[in-house]
Amino acid sequence: MKIIVGITGGIAAYKVPQLVRLLVKAGHEVQCVATAHALEFVTRLTLETVSGRPLYSDLFAPSNDHTTEHVSLKDWGDAMVVAPATANVIGKLAAGIGDDALSTLLLAFSRKPLLMAPAMNTQMWECPAVERNIAYLRSTGVEMVEPGTGALACGTEGKGRMAEPEEIVEALNHLLRPKEVMPLWGKRVLVTAGPTYERIDAVRFIGNYSSGKMGFAVAEALAAQGAEVELVTGPTQMVTTTAGIHRHDVECAREMLAEATRLFPSCVGAILTAAVADYRPEHTVDHKLKKQGDEGMTLRLVQNPDILATLGTMKQAGQTLVGFALETDNEETNARGKMERKNADYIVLNSLRDKGAGFGVETNRVTIMSREGEAYKSALMSKREVADLIVERCLLK
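Keep in mind it's a predicted model, so treat the numbers as computed, not measured.

Caption draft 1: Region of interest: the packing of aromatic side chains. For the coordinates displayed, the defined rule picks out one aromatic pair. Judged by centre distance (3.8 Å) and plane angle (15°), the ring pair of Tyr197 and Phe205 falls under stacked. The class for Tyr197 is partly exposed, based on a relative accessible area of 23%. A cation over a ring is seen here: Arg393 above Tyr376, with NZ or CZ 4.1 Å from the ring centre.

Caption draft 2: Seen up close, helix H13 (residues 383–395). Here H13 contains 13 residues, and its C-alpha end-to-end distance of 17 Å stays within 8% of the 18 Å for a straight helix at 1.5 Å per residue. Of all the residues in H13, the buried ones are Lys383, Val386, Ala387, Leu389, Ile390, Val391, Cys394 and Leu395.

Caption draft 3: Seen up close, a nonpolar patch on the surface. Judged by side-chain polarity, Tyr279, Met297, Leu299 and Leu301 come together as a nonpolar surface patch covering roughly 370 Å² of accessible area. You can see Met297 is positioned in the loop between strand S14 (279–281) and strand S15 (301–303).

Caption draft 4: Examining the sheet that holds strand S3 (residues 79–85) more closely. Across the sheet, which stays open at both edges, the five strands sit in the order S2-S1-S3-S4-S5 with parallel pairing between neighbours. Strands at the two margins of the open sheet, each flanked by one partner only, are strand S2 (29–34) and strand S5 (143–144). Pairing geometry for strand S1 (residues 2–7) and S2, over six bridges, is parallel. Within S2, the position partnered with Ile7 by the bridge is Ala34. The sheet strands contacting helix H4 (residues 87–95) are S3 and strand S4 (114–118), and the helix crosses S4 at an angle near 145°.

Caption draft 5: The packing of helix H9 (residues 213–224) against H13, seen in detail. Two elements in contact, H9 and H13, have axes whose closest approach is 8 Å; the angle formed by their N-to-C orientations is 55°. One way to sum up the angle between H9 and H13 is to call them oblique. Remark: the crossing between H9 and H13 carries right-handed chirality. In this structure, H9 contributes Lys213, Met214, Ala217, Val218, Glu220, Ala221, Leu222 and Ala224 to the contact, and H13 contributes Lys383, Arg384, Val386, Ala387, Asp388, Ile390, Val391 and Leu395. Counted by class, the contact of H9 with H13 contains 11 nonpolar, no polar and five charged residues.

Caption draft 6: Highlighting the pattern of salt bridges. A complete count under the given rule lists 20 salt bridges for this structure. The residue Asp100 makes a salt bridge to Lys92 at a minimum N-O spacing of 3.6 Å. Overall, the relative accessible area of 14% leaves Lys92 in the buried class. The partner of Arg199 in a salt bridge is Glu251, and the shortest N-O contact between them spans 2.7 Å. Residue Arg199 is located in strand S9 (residues 198–199), and its partner Glu251 is located in the loop between strand S12 (245–249) and helix H10 (253–263); the two are separated by 52 residues in the primary sequence. Among the residues examined, Glu251 registers a relative accessible area of 24% and is labelled partly exposed. It is possible to trace a salt-bridge network through shared partners that takes in Lys15, Arg161 and Glu164.

Definitions and limits used
- Each chain carries its own residue numbering, running from 1 in the direction its sequence is written.
- The predicted origin of the model limits local features to residues at a pLDDT of at least 70 and limits the giving and counting of side-chain atom pairs to 80 or more, whereas totals for whole chains, interfaces and linings rest on all residues.
- Excluding hydrogens and water, the side-chain figures rest on all heavy atoms present in the structure.
- In summary, the pairing rule links any two rings of Phe, Tyr or Trp, Trp by its six-membered ring, whose centres are within 6.5 Å, and it sorts them by plane angle into stacked for under 30 degrees, edge-to-face for over 60 and tilted for everything else.
- Buried, partly exposed and exposed residues are distinguished by accessible area as a fraction of the type maximum, computed with a 1.4 Å probe on protein chains only: under 20%, between the cut-offs, and over 50%, respectively.
- In this scheme, Lys NZ or Arg CZ marks a charge over a ring once it lies within 6 Å of the ring centre and within 35 degrees of the ring normal.
- What counts as a helix is a DSSP run of H or I of at least four residues, what counts as a strand is a run of E of at least two, and both are numbered from the N terminus.
- The length a helix should cover is 1.5 Å for every residue beyond the first.
- Patches here: salt-bridge-free residues with over 30% relative accessible area, like charges joined within 9 Å, nonpolar side chains (Val, Leu, Ile, Met, Phe, Trp, Tyr) joined within 5 Å.
- Shrake-Rupley sampling with a 1.4 Å probe provides the accessible areas, and residues are treated as covered by the protein chains on show and by no other component.
- The salt bridge definition used is simple: a Lys or Arg side-chain nitrogen within 4 Å of an Asp or Glu carboxyl oxygen.
- When DSSP finds two or more bridges between a pair of strands, those strands are recorded as paired.
- The contact criterion used is simple: two residues touch if any of their non-hydrogen atoms lie within 4.5 Å.
- Axis definition: a line fitted to C-alpha atoms, limited for helices to the stretch in contact. Angles are taken between N-to-C directions and run from 0 to 180 degrees.
- Reported orientations rely on four angle classes, namely roughly parallel under 35 degrees, roughly antiparallel over 145, roughly perpendicular from 65 to 115, and oblique for the rest.
- Handedness of each helix crossing follows the sense of rotation of the near helix against the far helix: counterclockwise by less than a right angle gives left-handed, clockwise gives right-handed.
- Side-chain classes are defined by residue name, with Ala, Val, Leu, Ile, Met, Phe, Trp, Tyr, Cys and Pro counting as nonpolar, Asp, Glu, Lys and Arg as charged, and the others, Gly among them, as polar.

Given below as structure tokens:
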């Protein structure tokens, strides 16, 4: 295929030659298009050498093959990748501004597959205007490769690092897969993942051992089938840069409920893997509580809202609701009762008595139970394999 790689003025531009090499190695023809600021970070000669084609960077350069190069390149290219995608170019595209070679090409390319790999400082990534622009572009069909978390060029740590070239290629491959082989293409699915933390004071919380691995595996499995995944996750070290997964970070059960109820009406289904705390402290303080002699501390706990039950009351015809149950005794009876009470269509049962299953491990063994009385018991397998099984039996039947 013919791939256009757009490069903007971010430090992550130094990774672009490797991205181009990977694309060429995979058999693609690659045309690089750079802004003037991008060429402060990576040279014209480097980009032309790795791509094997002249660089396009100036709307009015006499060396251009066409006077309307941005239009002719749109006709030439099958898909386009922008890496790094700075807040500036994201904002230009969202606002319909074309004032240089890259931004005018992006406006002309709007009807073809477009993938952007954002890269910026954490505070810029979290800026409401940037969040608004990204949300708008996604709504128009632009795919985003979520940035990673780590050391940034400004010397701080946080989210904003451009995805690695290998991850960008993987996301592009996903974007270019024939839609007919992805049965969930264009359908939105909600996934909850990880634990919730219920604050006691400024430094303490009530939580659990959930790592988020199962939920993130489910999100990846859904994206592999073409779904647009709304991933609502509690505090976790898990990351994903897969195209089609839109991450929403929350801390406590009430925040997770708010995001889940906001997103669920636009989804064809929900798979709730999160280990949500059943209780939270009745009162919290914004400072660290000090020891009170030898008398200890008494906490009064109140019940958290039930996310599965709430979505069960909201569920409409055509929506599929999948819950998880972690049990230690009378497992199937308790899980089936939970499914009936909360109006779920399926319950995925985990037992803490199964060696190699549960929190923090790479494997799992589950029983997938349906309202029709089925109870499919899986073998012990990787969490990604379990995720594929859940998607197949609950959403692809």
